[in-house]
Every structure is written in C-alpha cells, then in structure tokens.
Amino acid sequence: MAAELDIRPVGAALGAEIHGIDLNTLSDEQAEAIRQAFAEHLVLFFPKQDLTPDGHRRFASMWGELEVVPKLKKLDDDHPEIVVLNDLDTPAADVWHTDVTFSESPPITAVLHMVDCPPVGGDTQWINLYHAYESLSAPMKEMLEGTTAIHVNKYGTGQVAEHPVVRVHPETGRKSLYINRIFTSHIRQLSRPESEVILRFLYAWCEQSHFSVRYRWSNGDVGMWDNRCTLHQRINDW
C-alpha cells in the first residue's frame, strides 16, 4: 500500500508539489506513492530539499538507468551522472522541446535540483502532450496515426532517430503527440512541404497556454518531468 503524500496541484493541465518528505531518505512506500503521482501529474516539484549528490543519484535511479550526458560540465568525478547547468556557460533552453529525442531511447525523466536561482525570472514551463493530442479533431488524429518523425541532433553528433508522431506511453497506455521544435526534422511519410505545414500546425497547437503550467523556482527545489509526454522551456527573462 502506497504512503499518503501531501500533494498540491500547481496547474489544471499538469504539475504538482509534494510537501513533507526528504528525498534523501525515502521509504519504499513513499517512492511508490511518488511513482503514482508522477503518472497522474507528469511534472512533480519537491520544495526546499537539502538534496545531497548521493541522494540525487539515488532518487534519479528509481526511474531507470542513469545516463552520463556528454559535453556538459559534471558535478565531480564521483557523480558523472549529475551535470551542472549554469547560466554563465550553458545555452538557454528557451525553446519548447523534449530532451534528447534524437536518441533511439530518449530519457524517461530528468531530475533538476535548483541550487541558486535569480530573485526574479527564470521560471520553467511544461506542456501536457496527452491533452494536446486528445484535443485534436478525429480526422487529424486519423491522419497522424502510423506516421513517424525524424529527430536530429543539430548541435553536435548529428545523431538521428525515428519515433511515432503519436506515441503510446509505455506505462499509462495513453496517447500523446511526440514532436518538438528543436529536434524534429520532418514527418517521413509526407512530402517536405506537407511535413512543414503539418509540423508548424502541431507546434502551435501543442504550445497553447491551456495545456501548460509555469513554475517559479526557489533555492532547494527539486523538479522532475515525464520526458515521454511533455514539452518544456525555460523563460529567459533575467
């Protein structure tokens, strides 16, 4: 039986805060309750955590095999899975995207520990891609069913992957759109002009505000999001 958590939704479309737990010392019951909340809310925030590097790694490993991300600065030699995102030397991720979709196996989630945030600005937004898909008309859903999109890493390796435009979540079984402005190149089954028109429409459709939530960070906050059914972007306003 899962533990009872203090869960406080932060948006109607997605997102919730979980209060009153220490991520460094989770019980099995708390971990299972977090897993259930994650499936429901897609983005979770844990305010005012004093998360240690070992605790960060332990919590992230609950969700799958940890990855070592190339090129980005690492916390230290003992924690190569933890990267340091610093505004001074990390490009602003201020375009709607899903992480690493140019990989054949993109990450399930990312776990971000906010150590030092600006006094004003620097919020992050997320989009619920379940809702974006479910709100499409039946003929549009029928047209997209069975199509695939090519995703390309334009910023280094040139790595390429092909994924369904309509993706079925492996745990919930729900369908969502799976395209993004940064990495999606084209829909393979369409001509390039057709693909450009459809992708422009889908990007604009997904990015409507009523599918979104915006979160104001505080020092110590930990956030995680389901990379399989969300978009996110940083607000580059400081």
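Above this note sits the structure.
I will try to describe carefully the structure that is included in this document. (Residues numbered from 1 in each chain as written. Predicted model: local features only at pLDDT ≥ 70, side-chain atom pairs only at ≥ 80, totals over all residues. Heavy atoms only, no water.)

Turning our attention to the overall build of the protein chain. Counting its regular elements, the protein chain contains five helices and 13 strands. Taking 18 Å as the expected radius of gyration for a compact globule of 238 residues, we find that the protein chain reaches 18 Å, a close match to that expectation. Along the three orthogonal principal directions, the C-alpha set of the protein chain runs to about 50 × 40 × 35 Å. Expressed as a percentage of its 238 residues, the buried residues of the protein chain come to 46%. (Helix = DSSP H or I, 4+ residues; strand = E, 2+ residues; numbered from the N terminus. Rg over C-alpha atoms; globule rule 2.2 N^0.38 Å. Buried < 20%, exposed > 50% of the residue type's maximum accessible area, 1.4 Å probe, protein only.)

The next thing to look at is the sheet that holds strand β4 (residues 109–113). Overall, mixed pairing links the five strands, which are arranged β1-β2-β3-β12-β4 in an open sheet. Each of the sheet's edge strands pairs with one partner strand only, and the pair in question is β1 (6–9) and β4. Sheet twist, expressed as the mean angle between neighbouring strand axes with direction ignored, is 20 degrees. Here four bridges tie β1 to strand β2 (residues 16–19), and the two strands are oriented antiparallel to one another. Residue pairing in the sheet places Ile7 in a bridge with Ile18 of β2. Along the sheet, helix α2 (residues 53–60) makes contact with β3 (43–46), β4 and β12 (222–226), crossing β4 at roughly 160 degrees. (Pairing = 2+ DSSP bridges. Axes fitted to C-alpha atoms, helices over the stretch in contact; angles between N-to-C directions. Contact = heavy atoms within 4.5 Å.)

Going through the model one piece at a time under the given rule, you end up with 12 aromatic pairs. Seen from the ring of Tyr178, Arg167 lies directly overhead, with NZ or CZ sitting 4.7 Å from the centre. The positively charged end of Arg174 is found above the aromatic ring belonging to Tyr130, 4.0 Å away from the centroid. (Phe/Tyr/Trp six-rings, centres within 6.5 Å; stacked < 30°, edge-to-face > 60°. Lys NZ or Arg CZ within 6 Å of the ring centre and 35° of its normal.)

In this section: a nonpolar patch on the surface. A surface patch of nonpolar side chains, amounting to about 230 Å² of accessible area, comprises Val69, Leu72 and Leu85. Summarising the element assignment, Leu85 is placed in the loop between α2 and β4. (Patch = residues over 30% accessible without salt bridge, like charges linked within 9 Å, V, L, I, M, F, W, Y side chains within 5 Å. Areas by Shrake-Rupley, 256 points an atom, 1.4 Å probe, with all protein chains shown as cover. Salt bridge = Lys/Arg side-chain N within 4 Å of Asp/Glu carboxyl O.)

Considering all chains together, one arrives at two cavities of 30 Å³ or more under this definition. Here the largest cavity defines a volume of roughly 80 Å³. Looking at the largest cavity, the residues that line it are Arg35, Phe38, Ala39, Trp63, Ile108, Tyr130, His169, Glu171, Thr172, Asp226 and Arg228. Looking at the lining of the largest cavity residue by residue, the class counts come to five nonpolar, two polar and four charged. In this model, the second largest cavity occupies a volume close to 40 Å³. Every residue lining the second largest cavity is listed: Trp96, His97, Ile179, Asn180, Arg181, Tyr203, Cys206, Glu207 and Leu231. Here the residues of the lining of the second largest cavity are counted per class, giving five nonpolar, two polar and two charged. (1 Å grid on protein atoms, 1.4 Å probe; cavity = no way out; pocket = protein on both sides within 12 Å on 5 of 7 lines; lining within 4 Å. Points joined across faces, edges and corners; volume = space filled by probe spheres on them. Nonpolar A, V, L, I, M, F, W, Y, C, P; charged D, E, K, R; others polar.)

One finds Leu144, Val165, Leu177, Ile179, Leu202 and Cys206 to be the most contacted residues of the largest nonpolar core, which totals 21 residues. Elements with a contribution of two residues or more to this core: α3 (129–134), α4 (138–144) and α5 (192–206). Not counting residues up to four positions away in its chain, the partners in contact with Leu177 are Leu129, Ala132, Tyr133, Leu136, Leu144, Val165, Val166, Leu202 and Cys206. Counting residues in each nonpolar core, the second largest holds 18 residues, with Ala37, Phe38, Leu44 and Met224 among its members. (Core = buried A, V, L, I, M, F, W, Y, C linked by side-chain atoms within 4.5 Å.)

Given 3.6 residues to a turn, an α-helix orients residues that are three or four positions apart in the same direction. Counted at 1.5 Å a residue, the expected span for helix α1 (residues 28–41) with its 14 residues is 20 Å, and the 20 Å between its end C-alpha atoms agrees. Every buried residue of α1 is accounted for by Gln30, Ala31, Ala33, Ile34, Ala37, Phe38 and His41. Here the buried residues of α1 occupy an arc of 160 degrees about the axis, which is enough to place them on one side. Across α1 from its buried face, at more than 90 degrees, point the exposed residues Asp28 and Glu40. Looking at the buried positions of α1, the neighbouring elements they touch are β1, β2, β3, α2, β4 and β12. (Expected span 1.5 Å × (residues − 1). Arc of directions from axis to C-beta.)

Interpretation in functional terms is not warranted from these geometric data alone.
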